[in-house]
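# Chains, contacts and geometry: an overview
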Amino acid sequence: MKLYAVSDGPPSLAVRMALEALNIPYEHISVDYGKAEHLTAEYEKMNPQKEIPVLDDDGFFLSESNAILQYICEKYAPTSDLYPKDPKERALVNHRLCFNLAFLYPQISAYVMAPIFFDYERTEMGLKKLNMSLAAFETYLKRTGTKYVAGNGLTIADFPLVTSVMCLEAIGFNLSENYQTVQQWYAGFKQAHGNLWAIAAKGMEEIADFEKNPPDLSGMVHPIHPIRKVGAK
C-alpha cells in the first residue's frame, strides 16, 4: 500500500493518523506541492481531480480522504470501533466527516491556508464564515456531550476534524474564547493520543512556519489560485 501525501495537508495527515491507529503498514510517498507534482499528467492518472492525498492499494487508486478513511477500515479493520457498524453510530461518524468536508474545513482552508500559499488576504467576511462553522461545531459537541466528535470512543471522524482545527492553532487563533467545547475536545485528543497527535503536530509546525515565511510558489502554474509575487506577503 502506498499513500501519496504532503507533510502538512490536513487531509493527508488525517489518513496517516488512521493508518497509524489501525497499525496498517504503508509506504508514504511525499508529493512536492511547491513543485506542483500533483498537477502533472502522471499524477492525474491516479487522481483526475489532481488533489492530495491518493491511496494506491495494489493498483486500486482512491482519492478523497474521507473515502480513504472508510475504505481502509472496511477492508483492513472491519471490526474496529474506529468505524462502528451500528447504523446510527456510523451515521454520526459519516455526518461528522461530511460536516468537516463541506462546512468546516472549506472555511478554515479559505481563511488560514489560502492566504499562506497563494495571493489572498484574510477578510472580515472570511472570519465571519469561519466563526459560523465553528459555532456549528461547538453546538454539535455540546449536544452529544461526548469525549469525541461522534461518541465516547475515538472514530475516524476525529482525525480530519483534529487536522482542520490544527490549522487554527498554527496561526494562533483563540478557540477558548468562544468555542470552549471545541477546545476541550481538541486538547483531550492531544492528551489521550500522543502518538497520533505527533503526526499532526509536525504538519502544524510547518504551517506555523509558512505563516511567518510564506513559501515561494512562483514556479507553479495553478489552474485556479493566484500565485503570490516573490517577496510579497
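You'll find the structure just up there.
As a starting point, this report considers the structure included with it.

Definitions and cut-offs
- Residues numbered from 1 in each chain as written.
- Predicted model: local features only at pLDDT ≥ 70, side-chain atom pairs only at ≥ 80, totals over all residues.
- Heavy atoms only, no water.
- Salt bridge = Lys/Arg side-chain N within 4 Å of Asp/Glu carboxyl O.
- Helix = DSSP H or I, 4+ residues; strand = E, 2+ residues; numbered from the N terminus.
- Buried < 20%, exposed > 50% of the residue type's maximum accessible area, 1.4 Å probe, protein only.
- Lys, Arg positive; Asp, Glu negative; His and termini not counted.
- Contact = heavy atoms within 4.5 Å.
- Axes fitted to C-alpha atoms, helices over the stretch in contact; angles between N-to-C directions.
- Parallel < 35°, antiparallel > 145°, perpendicular 65-115°, else oblique.
- Nonpolar A, V, L, I, M, F, W, Y, C, P; charged D, E, K, R; others polar.
- Expected span 1.5 Å × (residues − 1).
- Pairing = 2+ DSSP bridges.
- Right-handed = clockwise from strand over helix to strand, strands pointing away.

### Describing the pattern of salt bridges
Applying the stated criterion across every chain, the model contains six salt bridges. The shortest N-O distance in the salt bridge between Arg90 and Glu74 comes to 3.2 Å. Here Arg90, found in helix H4 (residues 87–117), pairs with Glu74, found in helix H3 (residues 65–76); they are 16 residues apart in sequence, far enough to count as distant. A relative accessible area of 16% means that Arg90 is categorised as buried. Glu138 serves as the salt-bridge partner of Lys142, at 3.8 Å between the closest nitrogen and oxygen. One end of the pair, Lys142, and the other, Glu138, are both in helix H5 (residues 124–144), four residues apart, so they sit about a helical turn from each other. Residue classification places Lys142 among the exposed positions, given a relative accessible area of 55%.

### Examining unusual backbone geometry
Following Ile52, the chain continues to Pro53 via a peptide bond in cis, the omega torsion being 10°. Even without being glycine, Lys50 reaches a positive phi, approximately 55°. Tracing the sequence through the fold places Lys50 in the loop between helix H2 (41–46) and strand S3 (54–57). Positive phi is not limited to glycine here, since Asp58 has a value of about 55°. Among the structural elements, Asp58 can be located in the loop between S3 and strand S4 (60–63).

### Section: the side chain of Asp158
Among the structural elements, Asp158 can be located in helix H6 (residues 158–170). Buried and without a salt bridge, Asp158 has Arg96 as its closest oppositely charged side chain, separated by 8.3 Å. In this view, Asp158 contacts Tyr148, Val149, Gly153, Trp185 and Phe189; residues no more than four positions away in its chain are not counted.

### Here's the deal with the packing of H3 against H4
For any two helices packed against each other, the geometry comes down to the angle between their axes and how far apart the axes lie. Running from N to C, H3 and H4 point in directions that differ by 155°, and their axes come no closer than 10 Å. The angle between the axes of H3 and H4 places the two elements in the roughly antiparallel class. The residues of H4 that touch H3, namely those facing Asn66, Leu69, Gln70 and Glu74, are Arg90, Asn94, Leu97, Cys98 and Leu101. Across the contact of H3 with H4, the residue classes tally to four nonpolar, three polar and two charged.

### Things to note about H3
Compared with an ideal rise of 1.5 Å per residue, which puts 12 residues at 16 Å, H3 spans 16 Å between its outermost C-alpha atoms and is within 8% of the ideal. Listed as buried for H3 are Ser65, Asn66, Ile68, Leu69, Tyr71, Ile72 and Cys73. Packed against the buried residues of H3 are helix H1 (10–21), S3, S4, H4 and H6.

### Structural notes on the pairing of strand S1 (residues 2–5)
Alignment of S1 against strand S2 (residues 27–30), held across four bridges, turns out to be parallel. Following the sheet pairing, Leu3 is matched in S2 by His28. Read from S1 through H1 to S2, the crossover connection turns out right-handed.

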